[in-house]
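Structural description and commentary
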Amino acid sequence: MAATLIRGRTTADHEGSVVVFHIGMRINRFRALRSWWPASAAMPRMLKELAEDPHSGLLGYRMRLGLPRVVELVQYWESPEKLLAYAADQGQEHRPAWAAFNRLAREGAGNVGIWHETFVVPAGSHEAIYIDMPPYGLAEATGAVPVARRGETARERMGRPAAP
């Protein structure tokens, strides 16, 4: 993860559509290690696999901790098709990890919770502004560039007409 501060106003170097995928786990019973540890250990393998494949569709991600119980990943994807293709591919890390999680979740009902949310954001419908920040979020995934000009508004950047 980049830590170099960029002074001034920047935006993400991304103009097309983007898929924002949130996936997370909540440990409901810490002592039920068998229920939550395998899912926790599988995620780094999946991220490594995706990062090593430039055609996977994963643009980047950031882990967020809601200690002591919650771990969440925010991921940025090129398209919903690439996200779904990875999730369904029997030859990748996700499918066996998902099957194992489901088996263990049934055995230890309520010990761990998981969720995911998928947002397909069309081109022209997203904006990212960072001020005196290292690359973060979408800019960390796609690159940071200076905001074009002083006084440019969010409405202009998103291609929205002015309100009547």
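Residues numbered from 1 in each chain as written. Predicted model: local features only at pLDDT ≥ 70, side-chain atom pairs only at ≥ 80, totals over all residues. Heavy atoms only, no water.

1. Here's the deal with the packing of aromatic side chains
Across all of its chains, the model carries 3 aromatic pairs by this definition. Seen in terms of ring centroids, Trp-77 and Tyr-86 are 6.4 Å apart; in terms of plane orientation they differ by 35°. Their pairing is tilted. With respect to burial, Trp-77 and Tyr-86 carry one shared label: buried. With centroids separated by 6.0 Å and ring planes inclined at 20°, the aromatic side chains of Trp-98 and Phe-101 adopt a geometry described as stacked. Of the two residues, Trp-98 and Phe-101 both sit in helix H3 (residues 94–107), 3 residues apart, roughly one turn of that helix. (Phe/Tyr/Trp six-rings, centres within 6.5 Å; stacked < 30°, edge-to-face > 60°. Buried < 20%, exposed > 50% of the residue type's maximum accessible area, 1.4 Å probe, protein only. Helix = DSSP H or I, 4+ residues; strand = E, 2+ residues; numbered from the N terminus.)

2. Overview of the pattern of salt bridges
In a structure, side chains of opposite charge can pair up when their charged atoms sit close to one another. The full count for this structure, using the stated rule, is 7 salt bridges. Across the salt bridge formed by Glu-72 and Arg-64, the nearest N and O atoms sit 3.8 Å from each other. Put simply, Glu-78 and Lys-82 hold a salt bridge, and the shortest N to O gap is 2.9 Å. Owing to a relative accessible area of 35%, Glu-78 belongs among the partly exposed residues under this scheme. On the basis of relative accessibility, which here comes to 30%, the residue Lys-82 falls in the partly exposed class. (Salt bridge = Lys/Arg side-chain N within 4 Å of Asp/Glu carboxyl O.)

3. Thoughts on unusual backbone geometry
With omega at 10°, the peptide bond leading from Leu-67 into Pro-68 counts as cis. On the secondary structure map, Pro-68 appears in the loop between strand E3 (58–66) and strand E4 (70–77). A positive phi angle, close to 50°, is found at Asp-132, a residue other than glycine. Mapped onto the elements, Asp-132 comes out in strand E6 (residues 130–133).

4. Concerning the packing of helix H1 (residues 33–51) against H3
Contact pair H1 / H3: the axes reach a minimum separation of 9 Å and the direction vectors enclose 170°. Judged by the inter-axis angle, H1 sits roughly antiparallel to H3. The segment H1 lies against H3, with Arg-34, Ser-35, Pro-38, Ala-39, Ala-42 and Met-46 engaging His-94, Ala-97, Phe-101, Leu-104 and Glu-107. Class assignment of the residues belonging to the contact of H1 with H3 gives a composition of 7 nonpolar, 2 polar and 2 charged. (Axes fitted to C-alpha atoms, helices over the stretch in contact; angles between N-to-C directions. Parallel < 35°, antiparallel > 145°, perpendicular 65-115°, else oblique. Contact = heavy atoms within 4.5 Å. Nonpolar A, V, L, I, M, F, W, Y, C, P; charged D, E, K, R; others polar.)

5. With respect to the pairing of strand E1 (residues 6–12)
Across 3 bridges, E1 lies against E6 in antiparallel orientation. Its bridge partner lying in E6, Ile-6 is registered against Met-133. Two elements, E1 and strand E7 (residues 144–146), share 3 bridges in a ladder whose sense is antiparallel. The residue bridging Thr-10 from the neighbouring strand is Pro-146, located in E7. (Pairing = 2+ DSSP bridges.)

6. Observations concerning H3
Compared with the 20 Å implied by 1.5 Å per residue over 14 residues, the 20 Å span of H3 between its first and last C-alpha is a close match. Every buried residue belonging to H3 is among His-94, Phe-101 and Leu-104, and all of these are buried. All buried residues of H3 fall inside an arc of 100° around its axis, so they share one side. Looking at H3, the residues exposed on the side facing more than 90 degrees away from the buried face are Arg-106 and Glu-107. (Expected span 1.5 Å × (residues − 1). Arc of directions from axis to C-beta.)

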